[in-house]
Amino acid sequence: MKKLFLTAIPLAASLLAAAQRHVLTAQDYQRAESRLSYGTAPYIDGGGVRPNWLANGKFWYRTLTADGSRFIMVDPARKTRSDAFNQEKLAASLSSATGKHYTASMLPFYSFWYSEDGKSIIFNADDQQWKCDLASYAVTKDNSKAEGRGENGGILGRRRGVQLEVASPDGTKEAYIKDWNLWVRDVATGKSTQLTTDGVKDYGYATDNAGWKSSDGPVLRWSPDSKKIATFKDDQREVGDMYLVTTNVGHPTLKEWKYPLPGDKVIPMIERVIIDVDQSKVIKLQVPPDPHRATLSDDISSSGTFDDVDWSADGSQLAFVSTSRDHKQEKFRIADANTGAVREVFEEDVPTQYESGWGAINWRYLPKSNEIIWFSERDNWGHLYLYDAKTGKVKNQITKGDWVVTRMVKVDEKEREIYFDADGADKKNPYFSHFFKIGFDGKHMTDLTPAEGNHQVSFSPDEKYIVDSYSQPDVPSVTVVRDLNGKQLVAVDKEDVSRLQATGWHAPMVFSVKAHDGKTDIYGLLFTPRNADPSKKYPIIDYIYPGPQGGSVGSWSFIASRGDNEALTELGFVVVEIEGTSNPLRSKSFHDMSYGNMAENTLPDQVTGIRQLAQRYPYIDTTRVGIWGHSGGGFATAGAMFRYPDFFKVGISESGNHDNRNYEDDWGERYDGLVTNSNYEAQANEIYANNLKGKLMLAHGLMDNNVPPENTLLVVEALEKANKDYDLVVFPNSQHGYGGYSFYMMRRRWDYFVKNLLGAEPPKEFLLKGKPDPRNKVE
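Residues numbered from 1 in each chain as written. Predicted model: local features only at pLDDT ≥ 70, side-chain atom pairs only at ≥ 80, totals over all residues. Heavy atoms only, no water.

Colleague: For this particular structure, what's the right way to read the nonpolar core?
Modeller: Soluble, globular proteins show a tendency: their nonpolar side chains are buried together. L526, L571, F573, F642 and W750 are the most contacted members of the largest nonpolar core, which has 85 residues in total. Tallying contributions element by element places helix α12 (residues 742–758) first for this core, with seven residues. Among residues more than four places away in sequence, those in contact with L526 are P508, M509, F511, I540, V574, V575, V576, L613, Y617, Y619 and I620. V321, I361, W381 and V404 belong to the second-largest nonpolar core, a separate cluster that totals 35 residues. (Core = buried A, V, L, I, M, F, W, Y, C linked by side-chain atoms within 4.5 Å. Buried < 20%, exposed > 50% of the residue type's maximum accessible area, 1.4 Å probe, protein only. Helix = DSSP H or I, 4+ residues; strand = E, 2+ residues; numbered from the N terminus. Contact = heavy atoms within 4.5 Å.)

So this is what it looks like as structure tokens:
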């Protein structure tokens, strides 16, 4: 009896503690789920303009309304905006033709194209192609061939999922890889011709493998006259291998491919060639092989084609840039496309790492005037310079000031003008992008998008107009059409979130705080629970992506959900995103603040930033700070838990590159330097695992071909050696992003923070289910 009584005491205490512990219900999680993108989208009207340009200079787009959608036609020349057609009449005719009921605002198609005479529109609905006469609105079945037509009626290339062929500019030929060699197919006849013959395994032509990403498509650049191809022979023969093994019933499948690591003696080297297509002749460029490197990122095809090559219009010359293994030296060269002779034009050397822009390679070869437009951060800001292509000397600096050119969009050689995106010119926020034009001589710079906010701009096909969509993290988008002087011609659309606000949603706060140095301004977003009680304390979750190629906030445009940040506020958390130092889009010195020590991961900025925010907003509880991130954010999260164990109490580290000696070579060697010049071991997370005090969940896909899973397993082993508790989620057959298991990981993340940071009980195994906006439903 005594024994039973003593046994019952801890049981009773446990039950009492459980009874006192706050319990979240399925309804609480449903409310949070309503703040994910598929929950907020149905309550947002307008915005999201995707112009479909027509040959007559007009464009149409589809805009969402409270009860469905409307198709709108915009005529920039006449400065008008109107319905593209009478949706009421079309709905009535289509209902009659199909025997189904359609309303004007819920037509069963997203896009259409015009008949050749422009008097009818053609669309697909009810598993059938239809034609609607725009005079009578009679709807009839249409048997004309529409395969391959785009939304605006233009002919598209063959759709193949993965682009295994690269079409020539004139559309008559397609280049592809077969058995490590390059072939070309005549589109009209289907005849294939082998262009190279000496390609072998791991020493083939135009192969696309950066280690962390790869495809079976070719990496090449056609000459404008469609007669030549610039590409390379990729020597990977002695490069180290990476291995992954599937999980399945029966014998597993081994995935094996070339994956160089920092410090490897041998990395892929590219031998540059030009191929004369008609003669099937390979012309080797007379330069030593280059490291598999480029100026834009850690790949040689991140621009969507062969990076850092630029043909002359007649195909007689090829300008290209060779990048050193550590990205500290760039060599600008011009090759004779007929002989392979190469002329050295100029070099740029930097003490840390060179990059040519963000989102685009910001250099151009201008053979007509024997000039080069070149991007450099030599004055601490990213700017354009005009070079003499004959002498290799600078003629003049084109852009200058305490701001950065991010993307050179258009070069008008005739008018000697450049159109480009730039950050830092908007006084409200240095990350807001505006669109400018400027003369080659650096004069007459004009902001073509003067409205405050972050601008996204596209040209009309004839380049007479620009479509400008701008917004802010807390201000929905506005879309207008402007001329090339920045004058507004048409107010196109405006995003309306009033119905979303009526549900209790509110936008994040944009803030600035001081960085860890106490003087540099850094920026971020703060998400708070609805109707937050200032007398209460709320735990805070830090979503982190440390870069150094881009930070936590990502886009500074309006986004209603921001991943699951808004959702987490519905569960009782404050959420913060802080764009730390050592990231781009600011000065070069800002970006280089932690060069050589990626393990800093903006963490000092995160800690001081949260403390400053807590002083402003006392409801932030700095005794309950959580952190999570994916990939580089996973690296940073584990680092935060190990290096700041008294500040960060709960962390969720997903797919982290915890030891950059085990991640692809071009990442570490670019941002940390070569292993001979940087202490990679001292930056590895597993070295500090014994410092863990809080709750840490690790997650990884075991078929991750970007960040191999042993990165996380090294941390697991170190935690076990240190006798530390941890939690682990694995996805046996998932790659870097978890695919169909993403919602499962999100739910596990919510549960972990609710239990360990909020101190509550989550509903058991709540199922998150993505669902489409009903306004986009097509029967």
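Colleague: I'm lost on unusual backbone geometry in this one. Help?
Modeller: Glycine aside, the phi torsion of most residues is negative, and most peptide linkages are trans. In this structure, P548 follows G547 across a cis peptide bond, with omega equal to 10°. For P548, the position within the fold is in the loop between β42 (538–543) and α6 (565–569). The backbone of D308 shows a phi angle near 60°, a positive value even though the residue is not glycine. Summarising the element assignment, D308 is placed in the loop between β23 (290–291) and β24 (309–311). The buried category is assigned to D308, whose relative accessible area is 1%. Located in the positive-phi region is R562, a residue other than glycine, with phi close to 55°. One can find R562 in the loop between β42 and α6.

Colleague: Can you walk me through empty space enclosed by the protein in this structure?
Modeller: Remark: the empty space left among the atoms is shown by a probe the size of a water molecule rolled over them. Scanning all chains against the criterion turns up four cavities of 30 Å³ or more. Taken as a whole, the largest cavity holds about 120 Å³ of empty space. Broken down by class, the residue content of the lining of the largest cavity amounts to five nonpolar, seven polar and two charged. Taken as a whole, the second largest cavity holds about 60 Å³ of empty space. Among the residues making up the lining of the second largest cavity, the classes are represented as three nonpolar, three polar and six charged. (1 Å grid on protein atoms, 1.4 Å probe; cavity = no way out; pocket = protein on both sides within 12 Å on 5 of 7 lines; lining within 4 Å. Points joined across faces, edges and corners; volume = space filled by probe spheres on them. Nonpolar A, V, L, I, M, F, W, Y, C, P; charged D, E, K, R; others polar.)

Colleague: Can you walk me through the pairing of strand β46 (residues 695–701) in this structure?
Modeller: Taken across its seven residues, β46 has six buried, putting it largely inside the fold. Following the chain from strand β45 (residues 648–654) across helix α10 (residues 665–671) to the adjacent parallel β46, one finds a crossover that is right-handed. The parallel pair β46 and strand β47 (residues 727–731), bridged by helix α11 (residues 710–721), forms a crossover whose chirality is right-handed. (Right-handed = clockwise from strand over helix to strand, strands pointing away.)

Colleague: Just checking my understanding: could you explain the environment of T231 for this structure?
Modeller: Inspection of the secondary structure puts T231 in strand β18 (residues 228–235). For the pair T231 and Q194, spaced 37 residues apart in sequence, the C-alpha to C-alpha distance is 15 Å. What T231 contacts, discounting residues up to four positions off in sequence, is L182, A206, V219, L220, E271, R272, V273, I275 and F306.

Colleague: Explanation requested: the packing of helix α2 (residues 26–33) against α12 in the structure shown.
Modeller: Helix packing for two helices is described by the angle between their axes and how far apart those axes are. In the contact formed by α2 and α12, the axes pass within 13 Å of each other and the chain directions differ by 125°. By the angle between their directions, the pair α2 and α12 is classed as oblique. At the point where α2 passes α12, the crossing takes the right-handed sense. Along its contact with α2, which presents Y29, A32 and E33, the element α12 presents W750, D751 and V754. Of the residues in the contact of α2 with α12, the class split is four nonpolar, no polar and two charged. (Axes fitted to C-alpha atoms, helices over the stretch in contact; angles between N-to-C directions. Parallel < 35°, antiparallel > 145°, perpendicular 65-115°, else oblique. Left-handed = near helix turned anticlockwise from the far one by under 90°.)

Colleague: Help me understand the packing of aromatic side chains, please; the structure alone is not making it clear to me.
Modeller: We describe a pair of aromatic rings using the distance from one ring centre to the other and the angle between the two ring planes. Using the criterion set out here, one finds 42 aromatic pairs in the structure. Plain terms: the ring middles of F85 and F112 are 5.5 Å apart, the flat faces sit at 85° to each other, and that makes the pair edge-to-face. In this pair, F85 is assigned in the loop between β5 (80–83) and α4 (87–98) and F112 in the loop between α4 and β6 (113–114), connecting sequence segments 27 residues apart. A relative accessible area of 0% places F112 in the buried class. Measuring from centroid to centroid gives 5.4 Å for Y354 and W374, while their planes differ by 10°, and the two rings are stacked. In this pair, Y354 sits in the loop between β27 (342–349) and β28 (364–366) while W374 sits in strand β29 (residues 371–376), placing the two residues 20 residues apart along the sequence. Side by side, Y354 and W374 carry an identical accessibility label, which is buried. Linked through ring pairs, W60, F71, F85, F109, F112, Y114 and F123 together constitute an aromatic cluster. Here the guanidinium or amino end of R185 rests over the ring plane of Y176, the centre of that ring lying 4.4 Å away. (Phe/Tyr/Trp six-rings, centres within 6.5 Å; stacked < 30°, edge-to-face > 60°. Lys NZ or Arg CZ within 6 Å of the ring centre and 35° of its normal.)

Colleague: Sorry if this is basic, but what is going on with the pattern of salt bridges here?
Modeller: Where charged atoms from two side chains of opposite charge come close, those side chains can pair. Taken as a whole, this structure holds 45 salt bridges when the rule is applied. Among the salt bridges present, the one from R35 reaches E570, with a minimum N-O distance of 3.2 Å. With R35 in the loop between α2 and α3 (37–40) and E570 in the loop between α6 and β43 (574–579), the pair connects residues that are 535 residues apart, well separated along the chain. For R35, a relative accessible area of 3% gives the class buried. Relative accessible area serves as the criterion here: at 8%, E570 is assigned to the buried category. (Salt bridge = Lys/Arg side-chain N within 4 Å of Asp/Glu carboxyl O.)

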